[in-house]
Amino acid sequence: MATNQQSQQALESAVRCLQTGDLASADRFCRSVLLRQPGEANALHVLGAVRLRQNDPENAIRFLTQARKSAPANGEILANLGAAHRASGSPDEAVEILEEAILLAPENSSAHFNLANAYVDAGKTDLALTAYRHVIDLVPDHLAAHGTVAEILRDAGNTDAALEEFETLDRLAPDNPDTLNAIGVLHAGRGALEKAELHLRKAVALAPDNHEFAANLANVLAKTFRTDEALSFYSGALDDTPDDPDLLCNIGNAVSHRGDNIGAAEKYRRALELDPDHVDAHAGLANNLLANGQFGEGWTHFLRRTSVLAFASQLDRTPLASDLSGTRVVVFADQGLGDQVFFARYLPELRARGAHVTFRPDPRIAGMLRRADVADDIAPEANPTDGDRIVSAGDLPYLLNCGDDSPLPPPFEIDSLPAHEDPLRARLAAFGPGPWIGVTWRAGTPNMRQALLKEAPASLFASALRDVEGSVIVIQRGAAEGETDRFATVLGRPVLDLSSANEDIEDLLALSGLLDRYVSVSNTMTHLRAARLKSSDVIVPRPAEYRWMNAGDSSPWFPGSRIYRQMTDGTWPPVFDALSVSLKE
């Protein structure tokens, strides 16, 4: 009886020492129990937990396995044994043991949390999310579970759900700079720059020496044309990490926004010296050079665009010969619909060199490209093995040795289909008299760099059109609820909403040819207007996409189209004043 009492007291002391972090004393108390009672499960369990805390998973597994033999139905022992296997780098064994532990102790939140972690290690993300959510059901304020769920969702690109989890984490544990930074970055990626700035300023205030947080805030400031303030934050980070290619690339993006193309190119080049594979630096430099008309070098950097990274190794990237007689060339499309139409301009040159050209575009534009006769075969499902050379459409300018002085291929004509054009013409005529003026104020998708988003205030489009004679047609993909109504209110008269034409590319092609004028940011319809041999009035945010060049009111890629550029300080009103004057001419 005395021995049992002594053992119990020693075990209680061991547990208290384990909880307070006095691992040496916990070890000593457990060993005193095992001297009196060899194989005592609780003592072995605590010893295993001690070794786990000491980052000694091998001995933790040894003690916990012995404990399991003495108490096979003890779920807590199994939970720690699973954790030890995970720590040893054996996630599959950990999962098996932890699943058994949960069957024995279904309310053990630690077991569920360790199982979730093991699922992550094993690459079973969906199962991990389910397990983490079970932890949260058991312990609603479990910070680590909320944080890990948020990170998984963020890394999977599920921005809305990740943001919700990070905001929950912020409510549970406010003023954590890591959480605030994560929320800020997610808001920036969605284009909500004011919210992003608010959270990032808080993160920087709480952790002023964290240069990552400062750089993220600087990125947002640069996008809103507060370049000098952005550069002040960048400079602090640059003093600490002068050879950080990400930072140098971000500075390049910032000065590019205000039109310092030379300074931007210098930063991109320095980033590439440090990391020759830096994707964003290649993208920034490519856009910069191409927009300056430096096509020879620009197309070389364009080879590193993200749309081909996954399969670049499967492409032929050796420049093509001037004589391709008898050569079968299969051309893959690797970008959006507008880009596919744009780069199809280069297909006739392949045929002129004697090649048999098979183009693999998105199936949605296959029919119109066949009508345009730009390739021998338009085959979305073509087998790559059918070609002697397998290339990407976006690589064609480089492969065809297009340099600074090479003539630019003009747009090719695509006829619309009467079955699509006639109903649209009837709707336009029923709505109101010409001229029919189409408008699109936003295109692309928001992201942290905003590189894919082109947008200007819808209200300014409406104001510019307010006193212009004609009928206004809205063609806005993904308009927010009430957005078109607000546009019409500022315009001062009803609009015809034909945004649904975006759902059928043949409708969009037909509509693009029917409009007398089209006022927009650059988008797929801009390319289709060119294919209908029509010009556009194009609003160009900074930094300009390369097709619209860095300066001037016209682009060699889109003859007849007129460009209205955002001011270097980010303002728009003078731009739309000029547009309004032009529309009234």
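Residues numbered from 1 in each chain as written. Predicted model: local features only at pLDDT ≥ 70, side-chain atom pairs only at ≥ 80, totals over all residues. Heavy atoms only, no water.

Draft legend 1. Molecular detail of the overall build of the protein chain. A count of helices and strands for the protein chain gives 28 helices and twelve strands. Taken over C-alpha atoms, the radius of gyration comes to 31 Å for the protein chain, far larger than the 25 Å a tight globule of 585 residues would show. Principal axes of the C-alpha set define a box for the protein chain whose edges measure 105 × 60 × 50 Å. Of the contacts made within the protein chain by residues no fewer than 6 positions apart, 59% connect residues no fewer than 24 positions apart. Carbon and sulfur atoms make up 49% of the accessible area of the protein chain, which amounts to about 25,900 Å² in all. Computed over 54 positive and 81 negative side-chain charges, the inter-centroid distance for the protein chain is 1 Å. (Helix = DSSP H or I, 4+ residues; strand = E, 2+ residues; numbered from the N terminus. Rg over C-alpha atoms; globule rule 2.2 N^0.38 Å. Contact = heavy atoms within 4.5 Å. Areas by Shrake-Rupley, 256 points an atom, 1.4 Å probe, with all protein chains shown as cover. Lys, Arg positive; Asp, Glu negative; His and termini not counted. Charge placed at Lys NZ, Arg CZ, Asp CG, Glu CD.)

Draft legend 2. Highlighting the nonpolar core. Ranked by size, the top nonpolar core spans 67 residues in total, and within it Trp299, Val331, Leu347, Leu350, Phe359, Leu396 and Leu511 carry the most contacts. At six residues, the largest contribution of residues to this core is made by helix H26 (residues 505-514). Not counting the four nearest positions on each side in its chain, Leu350 is found in contact with Leu320, Leu324, Val329, Val331, Ala355, Val357, Leu396 and Leu400. If you look at the next biggest cluster of nonpolar residues, it comprises 37 residues, including Ala94, Phe113, Tyr132 and Val149. (Core = buried A, V, L, I, M, F, W, Y, C linked by side-chain atoms within 4.5 Å. Buried < 20%, exposed > 50% of the residue type's maximum accessible area, 1.4 Å probe, protein only.)

Draft legend 3. Just the sheet that holds strand E8 (residues 471-474), in detail. Taken in spatial order, the six strands of this open sheet run E9-E8-E5-E10-E11-E12, and their pairing is parallel. The sheet is open, and its two borders are formed by strand E9 (496-497) and strand E12 (562-565), each paired with just one other strand. Here helix H25 (residues 483-491) sits on the sheet and contacts strand E5 (436-440), E8 and E9; the angle it forms with E8, its principal contact strand, is near 160°. (Pairing = 2+ DSSP bridges. Axes fitted to C-alpha atoms, helices over the stretch in contact; angles between N-to-C directions.)

Draft legend 4. Expanded view of the layout of surface pockets. As a volume, the second largest pocket reaches approximately 530 Å³. Taken together, 20 residues line the second largest pocket, and the ones lying closest to its centre are Leu18, His45, Ala49, Glu76 and Asn80. At the level of elements, helix H1 (2-20), helix H3 (41-53), helix H5 (75-87) and helix H7 (109-121) are the ones that each hand at least two residues to the lining of the second largest pocket. Residues that form the lining of the second largest pocket fall into these classes: nine nonpolar, eight polar and three charged. (1 Å grid on protein atoms, 1.4 Å probe; cavity = no way out; pocket = protein on both sides within 12 Å on 5 of 7 lines; lining within 4 Å. Points joined across faces, edges and corners; volume = space filled by probe spheres on them. Nonpolar A, V, L, I, M, F, W, Y, C, P; charged D, E, K, R; others polar.)

Draft legend 5. Quick look at the packing of aromatic side chains. By the definition in use, this model includes 17 aromatic pairs. Summarising the aromatic geometry, the rings of Phe342 and Tyr546 are spaced 6.4 Å apart at their centres and angled 75° between planes, so their arrangement reads as edge-to-face. Taken together, the residues Phe342 in helix H19 (residues 337-343) and Tyr546 in the loop between strand E11 (537-540) and E12 connect sequence positions 204 residues apart. Three or more aromatic residues joined by ring pairs make a cluster, and in this case those are Phe295, Trp299, Phe302, Phe342, Phe343, Tyr346, Tyr546, Trp548, Trp557 and Phe558. If you follow Arg345 out to its NZ or CZ, it ends over the ring of Phe558, 5.2 Å from the centre. The ring of Phe342 carries Arg547 above its face, with NZ or CZ at 4.7 Å from the centroid. (Phe/Tyr/Trp six-rings, centres within 6.5 Å; stacked < 30°, edge-to-face > 60°. Lys NZ or Arg CZ within 6 Å of the ring centre and 35° of its normal.)

Draft legend 6. The arrangement of the pattern of salt bridges in detail. For the structure on display, the rule yields 34 salt bridges. Asp395 is the partner of Arg305 in a salt bridge, and the nearest nitrogen-oxygen pair spans 2.8 Å. Taken together, the residues Arg305 in the loop between helix H18 (295-302) and strand E1 (328-332) and Asp395 in the loop between strand E4 (389-392) and helix H22 (396-399) connect sequence positions 90 residues apart. Using a relative accessible area of 8% as the deciding quantity, one classes Arg305 as buried. Taking the relative accessible area as the measure of exposure, Asp395 reaches 0% and is therefore buried. (Salt bridge = Lys/Arg side-chain N within 4 Å of Asp/Glu carboxyl O.)

Draft legend 7. Layout of the sheet that holds E4. Pairing in this open sheet of four strands is parallel, and the strands run E3-E2-E1-E4 from one edge to the other. At either margin of the open sheet sits one strand with a lone partner, and together these are strand E3 (377-378) and E4. Sheet topology places strand E2 (residues 356-360) next to E3; two bridges connect them, and they run parallel. Counterpart to Thr358 in the pairing with E3 is Asp377.

Draft legend 8. Inspection of the pairing of E4 at higher detail. Residues of E4 alternate between two faces, with Arg389 and Val391 on one and Ile390 and Ser392 on the opposite face, all of them buried. Here E1 runs beside E4; their pairing, made up of four bridges, is parallel. Of the residues in E4, the one forming a bridge with Val331 is Val391.

Draft legend 9. Summary view of the side chain of Asp27. Among the secondary structure elements, Asp27 is positioned in helix H2 (residues 23-36). The buried category is assigned to Asp27, whose relative accessible area is 13%. Within the structure, the side chain of Asp27 is placed 2.8 Å from the side chain of Arg51, a separation counted as a polar contact. Other than its neighbours up to four places away in sequence, Asp27 contacts Leu47 and Arg51. (Polar contact = N/O pair within 3.5 Å; in protein donor to acceptor, adjacent residues only side chain to side chain.)

Draft legend 10. Broad picture of the pairing of E8. Here E8 shows a buried face lined by Ser471 and Ile473 and a second buried face lined by Val472 and Val474. Sheet analysis places E5 next to E8, joined by four bridges and oriented parallel. Opposite Gly438, over in E8, you have Ile473 as the bridge partner. Where E8 lies against E9, two bridges are found, and the strand directions are parallel. Directly across from Ile473, in E9, lies its bridge partner Leu496. Since E8 and E9 lie parallel, the crossover through H25 that links them has a hand, and here it is right-handed. (Right-handed = clockwise from strand over helix to strand, strands pointing away.)

Draft legend 11. Summary view of the environment of Phe233. Relative to the elements of secondary structure, Phe233 occurs in helix H14 (residues 227-240). Looking at Phe233, the relative accessible area reads 21%, which means it is partly exposed. The sequence separation of Phe233 and Thr385 amounts to 152 residues, and the corresponding C-alpha distance is 52 Å. If we ignore the near neighbours within four places in the chain, the residues touching Phe233 are Arg201, Val204, Ala214, Leu217, Ala218 and Leu221.

Draft legend 12. Seen up close, the side chain of Thr227. Structurally, Thr227 can be placed in helix H14. Taking relative accessible area as the criterion, Thr227 reaches 4% and is therefore assigned buried. Filtering out sequence-adjacent residues up to four positions away, Thr227 remains in contact with Leu221, Ala254 and Arg258.

Draft legend 13. Just empty space enclosed by the protein, in detail. Overall, the coordinates contain three cavities of 30 Å³ or more when judged by the stated rule. Estimates place the volume of the largest cavity at around 70 Å³. Its residues assigned to classes, the lining of the largest cavity comprises four nonpolar, four polar and two charged. The volume enclosed by the second largest cavity comes to roughly 50 Å³. Lining the second largest cavity are Val341, Phe342, Arg345, Pro411, Phe412, His527, Ala530, Ala531 and Phe558. Counting residues per element, the lining of the second largest cavity draws most heavily on helix H27 (residues 524-531), which supplies three residues. Grouping the amino acids of the lining of the second largest cavity by side-chain chemistry returns seven nonpolar, one polar and one charged.

These results come straight from atomic positions and should not be treated as a statement about function.
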